Amino acid sequence: MKIILATIWNVANYGALLQCYGLCKYLTDSGHDVSLLDLSMSNTNILLKKLKSVTINRPFEDFKKKLPKPVKIGEHNADIYITGSDQVWNPDILGDRIYTYMLDFAPSESRKVSYAASFGNSEWKDSTRYQYAKKLLSSYNRITVREDSGVNILKDTFGIDGVQVLDPCFLIRDYYELIGRIDNSDTNNLVVFKLVQSSTWKSEISDLSKLMGCNLAELNGKYISRLGLLRGFNQKHPKVSEWLKQIATAKWVITDSFHCMVFSIIFHKQFVILPSIRERSTRLTSLLNKLGLENRIADSVDECAEILENNIDYTIVDQKLNILKHKSIEELEKLLQI
């Protein structure tokens, strides 16, 4: 089956790239012909974007080679159009580009579905885009979303039924293809990946690692002092495979990132979520609640240490996760058969 996938992938973001990889791999391994819609998330000057692609963003550009070939809107028709995962329906991030992720370009008679789409918020507040968004969403044959809040938004705001499924990163059996096989012995690393950092974050997390007697491994990238004046080019990011492997071999993980949390669960890590604003963490709490891990959220670095002392029983978590995986795959197969 020929599939055109509209999802967030053309960005320097680990989670966006890996969720795209997960869904594409599942579909291609199932024998489908997948093309990615060539969409840019940035209005950056083209020359500047190319310069960044061979410098600071090189690790992300290299990983994109593992994804299916991108196509422009109108270049090819498809048997089915799929809106993929991540915050594809968040108007705060996308603005008017949200309509493309709602498949406004697809022929009116075409089959349109979504897999694990996310609104990125607990409610829809954009009144200016409401009417057209409702029209586009109503044209879908079937909708699945990533969060329970997404199901509520669809029903309460748009009058549309939706089904909750897992993020596509969970669709893959293992990640050996990206990180190789790893033994069961973890490093003594405290891995941290914090998207929003306070002015005291680095000193606090450094003190915590010393208190816990472990090595501190930061995945946010390293500051290059000799390039201090070149703002936007003075940071070196780890490769996507290295970012993933650091999580896979960690002893503990502290993060506010949804996908860092996802991979902590996949690799059975002892982790804690330290959100910048708890009220805006529905993307994380939705999954945590499903797995009985709602007690893994902290409000301070000191509280992180207390939570990490209580180990997660992954025997129980996996039982719940396997049920959700089975349901998610079942839903995805239904989408493809519409």
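Structural notes, computed from the coordinates. (Residues numbered from 1 in each chain as written. Predicted model: local features only at pLDDT ≥ 70, side-chain atom pairs only at ≥ 80, totals over all residues. Heavy atoms only, no water.)

**A closer look at the overall build of the protein chain**
A count of helical and extended segments in the protein chain gives 14 helices and 13 strands. Here the C-alpha radius of gyration of the protein chain, 20 Å, is about what a compact globule of 338 residues would show, namely 20 Å. Its C-alpha atoms give the protein chain principal-axis dimensions of roughly 60 × 50 × 40 Å. Look at the contacts in the protein chain between residues 6 or more apart in sequence, and 75% of them connect residues 24 or more apart. When the accessible surface of the protein chain is summed, it comes to about 16300 Å², and 47% of that surface belongs to carbon and sulfur atoms. Treating the 43 positive side-chain charges of the protein chain as one cloud and the 40 negative ones as another, the clouds have centres 6 Å apart. (Helix = DSSP H or I, 4+ residues; strand = E, 2+ residues; numbered from the N terminus. Rg over C-alpha atoms; globule rule 2.2 N^0.38 Å. Contact = heavy atoms within 4.5 Å. Areas by Shrake-Rupley, 256 points an atom, 1.4 Å probe, with all protein chains shown as cover. Lys, Arg positive; Asp, Glu negative; His and termini not counted. Charge placed at Lys NZ, Arg CZ, Asp CG, Glu CD.)

**Remarks on the pairing of strand S2 (residues 33-37)**
Of all the 5 residues making up S2, 4 are buried; the element is thus mostly covered by neighbouring parts of the structure. Of the strand pairs in this sheet, strand S1 (residues 2-6) and S2 are connected by 4 bridges, and their pairing is parallel. Opposite Leu 5, over in S2, you have Leu 36 as the bridge partner. Handedness of the β-α-β unit built from S1, helix H1 (residues 14-29) and S2 comes out right-handed. With 2 bridges connecting them, S2 and strand S3 (residues 70-71) associate as parallel partners. When the sheet's bridge partners are listed, Leu 37 is paired in S3 with Val 71. (Buried < 20%, exposed > 50% of the residue type's maximum accessible area, 1.4 Å probe, protein only. Pairing = 2+ DSSP bridges. Right-handed = clockwise from strand over helix to strand, strands pointing away.)

**Some points on unusual backbone geometry**
A positive phi angle, close to 75°, is found at Asp 86, a residue other than glycine. Looking at where Asp 86 falls in the secondary structure, it is placed in the loop between strand S4 (80-83) and helix H4 (91-94). At His 268, a position not held by glycine, the phi torsion is positive, near 60°. With respect to the helices, strands and loops of the structure, His 268 is situated in the loop between helix H11 (258-266) and strand S13 (270-273).

**Some thoughts on the sheet that holds strand S9 (residues 215-218)**
Strands sit in the order S9-S8-S12-S13 across an open sheet of 4 strands; the sheet is parallel. Since the sheet does not close on itself, it has two edges, and those belong to S9 and S13, each with one partner. Sheet twist, expressed as the mean angle between neighbouring strand axes with direction ignored, is 20°. Bridge count between strand S8 (residues 189-193) and S9: 4 bridges; the pairing is parallel. Its bridge partner being in S9, Asn 189 is matched across the sheet by Asn 215. (Axes fitted to C-alpha atoms, helices over the stretch in contact; angles between N-to-C directions.)

**Description of the layout of surface pockets**
Each pocket or cavity is described by its volume, and for the second largest pocket that value is around 750 Å³. Elements with a minimum of two residues in the lining of the second largest pocket: H1, helix H8 (176-179), H11 and helix H14 (314-337). Counting residues per element, the lining of the second largest pocket draws most heavily on H14, which supplies 5 residues. Of the residues contributing to the lining of the second largest pocket, the split by class is 14 nonpolar, 4 polar and 10 charged. (1 Å grid on protein atoms, 1.4 Å probe; cavity = no way out; pocket = protein on both sides within 12 Å on 5 of 7 lines; lining within 4 Å. Points joined across faces, edges and corners; volume = space filled by probe spheres on them. Nonpolar A, V, L, I, M, F, W, Y, C, P; charged D, E, K, R; others polar.)

**Regarding the nonpolar core**
Among soluble globular proteins, nonpolar side chains are generally buried collectively. Within the largest apolar cluster, 65 residues are counted, with the highest numbers of intra-cluster contacts made by Trp 243, Ile 265 and Phe 271. When residues in this core are grouped by element, the largest group, 9 residues, is from H1. Of all hydrophobic cores here, the second largest spans 32 residues; its members include Tyr 81, Tyr 101, Leu 137 and Ile 153. (Core = buried A, V, L, I, M, F, W, Y, C linked by side-chain atoms within 4.5 Å.)

**Topic: the environment of Arg 296**
One can find Arg 296 in the loop between helix H12 (282-290) and helix H13 (301-308). According to the relative accessible area criterion, Arg 296 is buried, its value standing at 3%. Residues Arg 296 and Phe 271 lie 25 residues apart in sequence; the distance between their C-alpha atoms is 7.1 Å. One polar contact links the side chain of Arg 296 to the main-chain carbonyl oxygen of Phe 271, over a distance of 2.9 Å. Engagement of the side chain of Arg 296 in a polar contact is seen with the backbone oxygen of Asn 310, the distance being 2.6 Å. (Polar contact = N/O pair within 3.5 Å; in protein donor to acceptor, adjacent residues only side chain to side chain.)

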